[in-house]
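Here is what each chain is made of, one letter per residue.
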Amino acid sequence: MLSSFKVHRKPSLHLVSSAFNLSFYKNPIDRFSKTEGKDTLNGLPESKFDPFDHLSAAELQPKNVDSTLYRLRSEPISALRFFEWSERHFGHSSHTTSSYCSIIHILLRRGLLEPAGRVVDRMIQCGKEDCDIFDALSSGFGEYGSNPGAVYGFLAACYARLGMIDEAVSIVGRMQEVGICPPDDTLKMVAALAVENDRVGLIWKLSSRQSIFEVVIDKLLRKGDVKKARELLDEMEKRGCKLSMTADNALIEGRLKYSQAGDVKKLVSLASNRKGTKHNLETLSAVVPVLYRSGQASEAGKLIGEVLREMVNVSSEDYCRIIDRLCKEGCLSGALEIHKKLFERFRAPDIIACNKMLGRLCNRNDIGAAHRFFLAFAEGGPLPSVVTYSIVIRAYCEVGKLEEALELYNVMLQRNVAPDLVVYSILLNGLCKLGRVRDGCLLVGVALVKGLKPDVVMYSSVIDGFVKIGNVEKAFEFYTQTLKVGIVPNIVTYSTLIDGLCEKGRVVEAFGFFCRIVKIGLEPSILTYSSLIEGLCNSRNISEALEMYQHMVLEGHNPDSVVVGILINGLSNEGLMKDAIRFFLKAMDAGIEPNIVMFNTLMEGFCRVGKSEDALKIFKQIQSNNLFPDVITYTMIMKAIADKKELKLALNIFFQMIKRGFFPDAVSYCALIDGFCKQKKIADGYKVFDMMMRTGLLPDTTTYNVLLNGLFKEGRLEEVSHLFNQLNKRGAKVDVITYNTMINGYCCANKLDEALKFYEEMKTKSMEPSIVTLTILTDAFCKRRKMDEALQILNGMLEKGPLPNVVTYSCLIDGYCKAQDIQSAYDLHDQMVEGTVSPNIITYSSLVHGFCQEGRLEEASLVFQCALEKDLMPDAVAYGILLHAYCKAGKLSEALMLYHRMVDSGVTPDSFIRSMLAEYIGA
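Predicted model, so just to flag it, every value in this text is computed and none were measured.

Brief notes about the overall build of the protein chain
Link 1 in the chain: Check the secondary structure of the protein chain and you find 51 helices and 0 strands.
Link 2 in the chain: For the protein chain, the proportion of its 923 residues judged to be buried stands at 49%.
Link 3 in the chain: As presented, the protein chain carries roughly 45,900 Å² of accessible surface, and 51% of it is formed by carbon and sulfur atoms.

This is the structure in structure tokens:
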């Protein structure tokens, strides 16, 4: 199928090669982690310092530390290592104040702040604080070329970091005395520390910079100390320091946040009483929400009016920002009032700015606010444009509120605003997404009548709508119409058709469209490839799906988690779990982020092939990849644990799921109930069932089927009848599996008449019996030697369906053999083979047994040999049947030969074979 493509190189994904050891992925994330060396110098590469590689023996003396540091001034790393080496070998006394200052200068000049900070800390801790560090550092500026502001600012910051606030303030003061401007960051750090230590008075010794006071006010407000913030503001006014409007608004907002709203006049006067201060839009955003929340809407309106009267104009950016902020805080009424008064005062903003703001609201799904603003535009201005309508209509469609979108479309028509192609495309897409494709086609007709020419986007929407409702034929009709009117389909159109064909299993046709895409020069998208790959996987062409994946990669498309998940699912469905794991790990190596769906798929695959241990290994890897299990994950792991008969652990997992905030669904409860029923602990299964009912979760049909099967296994037939009636009363839908469970249960309980009653009831409800149903009855008739009734079922299946399978034929053959009608059994075997149903080892074992019963050992041996030639592996039962016949007939040499063949083929003799050989041969 892929021969039409030029493959650049052979696929590099060796997915079916050597066996894959599951221990390899015990913790796959270990393959990506790297061992990091210790970093003793915080960002500097670690190495053992050998002073003899750098210095002469004469320099390695305590008295020469200062001069050696100076010689290493252009090599800060070596200088620091020498400094540390000399401290280890000569002791702390080897370092003078001068050597400490030297290494500080060297490190700071190269921007090595962390090691420099450690040196300053050691200098202080070793008692060097007794010296005047400020003066000591001053002598090094000329020698080392370091920046005085940076060095002294760093020293002040170190004091502040150590909580030595007075020393930090002193350093800042001395810097200012000698004409050195302290760095802003240092001042802010010291100011913040002063606030934390309730030493706000020290602020005046630091600086009169506006930014510093803003930091202090912000810090006080964060502490909830509005009173001190106000006092600082008053003191600033006395000293002639003017605070920015931003800080002023912060003060207002802080007071509103940390205290009662109180009298509105007091709130407004917080800043307006100060000289030269005027409120702005930011003030409104701080005050208006509080006023509305405290029921003072009229006062909010007055404040809005006062502020706007003082303003000369308002920019579009300011408008959008203030409205957006108020809406985020839930103050929609205040936002609408500001919009109304702004438009009355300035005839602004224009509709372009309003559309921009409306778009912001819609982008965060605040549709209610968007609708209110739309009405405000329509009533008070500016008048909505076609773009305004399209923004709100799109928002309604995206959240599935199609009726509201259509209503707005009608309003648009009533107000003589002509919809453009964008509006029609949005509505058409909304209709088709909800399956209203017929209405969508009518809308296309309306657009045509209005003189608009529908484009490829509109036609693609209709095609997608038909695909979504499963009507691929109609999609093709519309595609043909697209070509007739001269519309050139794009990659979206073709990808939609390919997806629809693949969903219907028509992969060959989908592949034809893919070839057309390539031929006309369109580039397939990742969605195109994913549809084809999924179609190939669903049609069980996994090797071609992998080839398509490889082709996609070679063409330069980066696979995403969706495509990788599809292939993992395809491999798992085929039982190729080693290959699924290998592919999963290769995808991770390529940078694909794993998701919980991938892990769930792998776990489900392992559970399906009976490898619950490996499913548990996958489960343990989930959190290692920064993911969290979901309900599906917990349900599968419960099932895997229950299959291992560890029901207590499965129950613990169940309650752990609830503890972590997940609500178990019917499938979760059913997995646990099934585990108890399989272990014949139906009473515990019923406890889980009752728990499910108490949570208000109605059991589904599968849950009832599991309980019915459990009751049958324990022979509690009266309770079976009661539960079946309860199932009907509670409105659960009885399905074929339910009837199969009832029919099989009564057959196993030797109550064939009851089973036949349910079979007849099933047919009266227009429920077609499945192959399982008819095979159960065939087997029941055969076990009771009612071969005519069994044969009648087989003939009915051959005439009306469903066609019998190997199990059905094997039941009949076994029945004829036990009824000593070996000829009918062999004739049925021939009929089976002619009908292209391949016999299995059970079929041949029944025939061997039938011939042996009649003493026809030669024919029995030929049938056994026929099974071997068909590559069917006889089990201990099959060997035991023929061995017993040989021994009974006195053919001990043939028995011994057959025994040795059995052992050589790897079949372990069971107790029956061992005791039989001991009896006849003495082996």
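Thoughts on helix α31 (residues 561-573)
Link 1 in the chain: Between its first and last C-alpha, α31 extends 18 Å over 13 residues, near the 18 Å set by a 1.5 Å rise per residue.
Link 2 in the chain: Taken residue by residue, α31 has Val563, Val564, Gly565, Ile566, Leu567, Ile568, Gly570, Leu571 and Ser572 as its buried positions.
Link 3 in the chain: Contacts from the buried residues of α31 go to α29 (526-538), α30 (542-554), α32 (577-589) and α33 (596-608).
Link 4 in the chain: Positioned one or two residues after α31, Gly575 has a phi angle of 80 degrees, which is positive.

A look at the packing of helix α47 (residues 841-853) against helix α48 (residues 857-869)
Helices that pack against each other are described as a pair by the angle of their axes relative to one another and the distance between those axes.
Link 1 in the chain: The interhelical angle for the contact between α47 and α48, taken along N-to-C directions, is 170 degrees, at an axis separation of 8 Å. The angle between α47 and α48 falls in the class roughly antiparallel. From α47, Ile841, Tyr844, Leu847, Val848, Phe851 and Cys852 reach across to α48, where they touch Leu857, Glu859, Ala860, Val863, Phe864, Cys866 and Ala867.
Link 2 in the chain: Grouping the amino acids of the contact of α47 with α48 by side-chain chemistry returns 12 nonpolar, no polar and 1 charged.

Notes on helix α44 (residues 787-800)
Link 1 in the chain: For α44, which comprises 14 residues, the first-to-last C-alpha distance of 20 Å matches the rise-based estimate of 20 Å (1.5 Å per residue) to within 8%.
Link 2 in the chain: The set of residues buried in α44 consists of Met787, Ala790, Ile793, Leu794 and Met797. For α44, the angular spread of the buried residues around the axis is 125 degrees, confining them to a single face. Facing away from the buried side of α44 by over 90 degrees, the exposed positions are Asp788, Gln792, Glu799 and Lys800.
Link 3 in the chain: Looking at the residues trailing α44, positive phi occurs at Gly801, about 85 degrees.

Notes on the side chain of Ser390
Link 1 in the chain: One can find Ser390 in helix α21 (residues 386-398).
Link 2 in the chain: When residues no more than four places from it in sequence are discounted, the contact partners of Ser390 are Val422, Val423 and Ile426.

Description of the packing of helix α20 (residues 367-380) against α21
Link 1 in the chain: Closest axis-to-axis distance for the α20/α21 pair is 11 Å, and the angle between their directions is 155 degrees. Put simply, α20 runs roughly antiparallel to α21. Once α20 is placed against α21, the crossing between them reads as left-handed. Of the residues in α21, those in contact with Ile367, His371, Phe374 and Phe377 of α20 are Thr388, Tyr389, Val392, Ala395 and Tyr396.
Link 2 in the chain: Residue classes in the contact of α20 with α21 are distributed as 7 nonpolar, 2 polar and no charged.

Concerning the environment of Ser824
Link 1 in the chain: Mapped onto the secondary structure, Ser824 falls in helix α46 (residues 822-834).
Link 2 in the chain: On the basis of relative accessibility, which here comes to 24%, the residue Ser824 falls in the partly exposed class.
Link 3 in the chain: Taking the C-alpha atoms as reference points, Ser824 and Ile813, 11 residues apart in sequence, are found 7.9 Å from one another.

Some words on the nonpolar core
General note: in soluble globular proteins, nonpolar side chains tend to be found buried as a group.
Link 1 in the chain: Counting residues in hydrophobic clusters, the biggest one holds 223 residues, and the most contacted among them are Phe373, Ile393 and Ile533.
Link 2 in the chain: At 9 residues, helix α49 (residues 876-888) tops the list of elements feeding residues into this core.
Link 3 in the chain: Apart from residues no more than four positions distant in its own chain, Ile393 is found in contact with Ala405, Leu408, Tyr409, Val423, Ile426 and Leu427.
Link 4 in the chain: Residues Phe82, Val120, Phe141 and Ala156 belong to the second largest nonpolar core, which totals 46 residues.

Section: the packing of aromatic side chains
Link 1 in the chain: In this structure the tally under the stated criterion is 31 aromatic pairs.
Link 2 in the chain: Here Tyr634 and Phe662 contribute two aromatic rings whose centre-to-centre distance is 5.7 Å and whose plane-to-plane angle is 55 degrees, an arrangement assigned as tilted. A residue pair is termed long-range when its members are at least 10 positions apart, and Tyr634 in helix α35 (residues 631-643) and Phe662 in the loop between α36 (647-659) and α37 (666-678) qualify at 28 residues.
Link 3 in the chain: Residue classification places Phe662 among the partly exposed positions, given a relative accessible area of 25%.
Link 4 in the chain: Chaining the aromatic ring pairs together yields one cluster made of Phe712, Phe724, Tyr739, Tyr746 and Phe758.
Link 5 in the chain: The ring centre of Tyr70 lies 4.0 Å from the NZ or CZ of Arg73, which sits over that ring.
Link 6 in the chain: The ring of Phe513 is capped by Arg516, whose NZ or CZ atom sits 4.9 Å from the centre of that ring.

With respect to the side chain of Ser846
Link 1 in the chain: Tracing the backbone through its elements, the reader meets Ser846 in helix α47.
Link 2 in the chain: A polar side-chain atom of Ser846 sits 3.3 Å from a polar atom in the side chain of Asp814.

Re unusual backbone geometry
Link 1 in the chain: A cis amide bond links Gly381 with the next residue in sequence, Pro382, at an omega value of -10 degrees.
Link 2 in the chain: Mapping Pro382 onto the fold places it in the loop between α20 and α21.
Link 3 in the chain: Positive phi outside glycine occurs at Lys645, with the angle close to 70 degrees.
Link 4 in the chain: Along the polypeptide, Lys645 turns up in the loop between α35 and α36.
Link 5 in the chain: Relative accessible area serves as the criterion here: at 58%, Lys645 is assigned to the exposed category.
Link 6 in the chain: Positive phi, normally seen in glycine, also occurs at Gln820, with a value near 60 degrees.
Link 7 in the chain: Tracing the backbone through its elements, the reader meets Gln820 in the loop between α45 (806-818) and α46.

Side note on the pattern of salt bridges
Link 1 in the chain: Scanning the model with the defined rule gives 29 salt bridges in all.
Link 2 in the chain: Among the ionic pairs, Arg506 bridges to Glu473, the shortest N-O distance being 2.8 Å. With Arg506 in the loop between α27 (491-503) and α28 (507-519) and Glu473 in helix α26 (residues 472-484), this residue pair connects regions lying 33 residues apart in the sequence.
Link 3 in the chain: When its relative accessible area of 23% is taken as the criterion, Arg506 is described as partly exposed.
Link 4 in the chain: The salt bridge partner of Glu646 is Lys644, with a shortest N-O separation of 3.5 Å.
Link 5 in the chain: Classification of Lys644 as partly exposed rests on a relative accessible area of 26%.
Link 6 in the chain: Among the charged side chains, a salt-bridge network with shared partners connects Asp324, Lys328 and Arg364.

Remarks on the confidence of the model for the protein chain
Link 1 in the chain: Model confidence for the protein chain is summarised by a mean pLDDT of 81, while 82% of its residues fall at 70 or above.
Link 2 in the chain: This model gives residues 254-268 a pLDDT under 50, and the stretch forms 23 contacts once residues within four places in sequence are excluded.

Remarks on the environment of Lys639
Link 1 in the chain: Along the chain, Lys639 falls in helix α35.
Link 2 in the chain: Assessed through its relative accessible area of 36%, Lys639 is described here as partly exposed.
Link 3 in the chain: Each C-alpha atom of the pair Lys639 and Ala650 lies 7.5 Å from the other, and the pair is 11 residues apart in sequence.

Some remarks on the environment of Asp455
Link 1 in the chain: Looking at the element boundaries, Asp455 is found in the loop between α24 (437-449) and α25 (456-468).
Link 2 in the chain: Separated by 34 residues in sequence, Asp455 and Leu421 place their C-alpha atoms 8.2 Å apart.
Link 3 in the chain: Among residues more than four places away in sequence, those in contact with Asp455 are Leu421, Ser425 and Ile487.
Link 4 in the chain: Here Met458 takes part through its backbone nitrogen, which lies 3.1 Å from a polar atom of the side chain of Asp455.

Scoring rules and cut-offs
- Residues numbered from 1 in each chain as written.
- Predicted model: local features only at pLDDT ≥ 70, side-chain atom pairs only at ≥ 80, totals over all residues.
- Heavy atoms only, no water.
- Helix = DSSP H or I, 4+ residues; strand = E, 2+ residues; numbered from the N terminus.
- Buried < 20%, exposed > 50% of the residue type's maximum accessible area, 1.4 Å probe, protein only.
- Areas by Shrake-Rupley, 256 points an atom, 1.4 Å probe, with all protein chains shown as cover.
- Expected span 1.5 Å × (residues − 1).
- Contact = heavy atoms within 4.5 Å.
- Axes fitted to C-alpha atoms, helices over the stretch in contact; angles between N-to-C directions.
- Parallel < 35°, antiparallel > 145°, perpendicular 65-115°, else oblique.
- Nonpolar A, V, L, I, M, F, W, Y, C, P; charged D, E, K, R; others polar.
- Arc of directions from axis to C-beta.
- Left-handed = near helix turned anticlockwise from the far one by under 90°.
- Core = buried A, V, L, I, M, F, W, Y, C linked by side-chain atoms within 4.5 Å.
- Phe/Tyr/Trp six-rings, centres within 6.5 Å; stacked < 30°, edge-to-face > 60°.
- Lys NZ or Arg CZ within 6 Å of the ring centre and 35° of its normal.
- Polar contact = N/O pair within 3.5 Å; in protein donor to acceptor, adjacent residues only side chain to side chain.
- Salt bridge = Lys/Arg side-chain N within 4 Å of Asp/Glu carboxyl O.
- pLDDT = per-residue confidence, 0-100.

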